Amino acid sequence: ERVATTILLAGVQRLLGKTFVDTVRDLAREAGVDLEAAIDPGMKERSQIKDATDAAAEFFKGLLWDANVGAKARAYLLTRGVTEDVARQFGLGWTQAEWTGLADHLRERGLLSFGEKAGLVAPRSRGDGYYDMFRGRLIIPIRSPEGRTIAFGGRLLEGEDGPKYLNSRESKLYNKSETLYGLDVAREEIRKKKSAVLCE
């Protein structure tokens, strides 16, 4: 049985052009088996941070494609030659220059504390409540090789609050030195051509 399983995994791995570990993870995910939870006691927290990050990605995308709210950001993308198709492929988003839009969104879903652990919101220095780390920014999701959003970059477009470019801090999902931007989109082409061009 163990030999048959190994042969099956090797075949699927070759078919998909993925590493052995990625193949096992993908098959486990499709079967509804949580491999990491069995190995890592902190997996529940990691999963909740993923949920907060997913909720943020959907929130940012919703604002970008809102007819009125995202108009400024969409106009900026056009000036940079970024088409709607490309913006949607890369999951781009927008966040207004308000202090608690995302914090309120995460609170409604019971994910506020995990949004803090993901570096998306921070507690106010005075009084109660949280504020958004990304405000008035075009949002660029940073994704894992499998295509899951693990962090964000933000380009300031509105207001003067903070640096021109702001990235998520590292978390249990995101390690900057282990993440190559755009690999999820380029992966299949790299596999086919057996080469890649890296640029800054």
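Residues numbered from 1 in each chain as written. Predicted model: local features only at pLDDT ≥ 70, side-chain atom pairs only at ≥ 80, totals over all residues. Heavy atoms only, no water.

### Points about the overall build of the protein
And step 1. Looking only at helices and strands, the protein features 9 helices and 6 strands.
And step 2. For the protein, buried positions account for 34% of its 200 residues.
And step 3. Sequence separation of at least 24 residues holds for 56% of the intrachain contacts in the protein that already meet a minimum separation of 6.
And step 4. Total accessible area on the protein is roughly 12400 Å²; 54% of this is exposed by carbon and sulfur atoms. (Helix = DSSP H or I, 4+ residues; strand = E, 2+ residues; numbered from the N terminus. Buried < 20%, exposed > 50% of the residue type's maximum accessible area, 1.4 Å probe, protein only. Contact = heavy atoms within 4.5 Å. Areas by Shrake-Rupley, 256 points an atom, 1.4 Å probe, with all protein chains shown as cover.)

### Some words on the packing of aromatic side chains
Each aromatic ring pair is summarised here by two numbers: the centre-to-centre distance and the angle between the ring planes.
And step 1. Taken as a whole and judged by the stated rule, the model has 6 aromatic pairs.
And step 2. Here Phe60 and Phe152 contribute two aromatic rings whose centre-to-centre distance is 5.2 Å and whose plane-to-plane angle is 85°, an arrangement assigned as edge-to-face. Within this pair, whereas Phe60 is found in helix 4 (residues 43-64), its partner Phe152 is found in strand 5 (residues 149-156), the two being separated by 92 residues in sequence.
And step 3. Between the aromatic rings of Phe90 and Tyr181, the centroid separation amounts to 6.3 Å while the plane-to-plane angle is 20°, which identifies the pairing as stacked. (Phe/Tyr/Trp six-rings, centres within 6.5 Å; stacked < 30°, edge-to-face > 60°.)

### A look at the confidence of the model for the protein
And step 1. Taken residue by residue, the protein gives an average pLDDT of 87. The fraction at 70 or more is 88%.
And step 2. Within the protein, strand 1 (residues 93-95) carries the highest mean pLDDT (97), whereas helix 3 (residues 35-39) carries the lowest (61). (pLDDT = per-residue confidence, 0-100.)

### Comments concerning the pairing of strand 5
And step 1. Across the 8 residues of strand 5, 8 count as buried, placing the element largely inside the fold.
And step 2. Connecting strand 4 (residues 137-143) to the next strand, strand 5, in antiparallel fashion are 5 residues, including Gly147 with a positive phi near 100°.
And step 3. Of the strand pairs in this sheet, strand 5 and strand 6 (residues 165-167) are connected by 3 bridges, and their pairing is antiparallel. By the bridge assignment, Gly154 is partnered in strand 6 with Leu166. (Pairing = 2+ DSSP bridges.)

### Topic: the pattern of salt bridges
And step 1. Here the structure, examined in full by the defined rule, presents 11 salt bridges.
And step 2. Linking Glu84 and Arg88 is a salt bridge whose minimum nitrogen-to-oxygen distance equals 2.8 Å. Here Glu84 and its partner Arg88 are both found in helix 6 (residues 84-89), 4 residues apart, which amounts to about one turn of the helix.
And step 3. For Arg88, a relative accessible area of 46% gives the class partly exposed. (Salt bridge = Lys/Arg side-chain N within 4 Å of Asp/Glu carboxyl O.)

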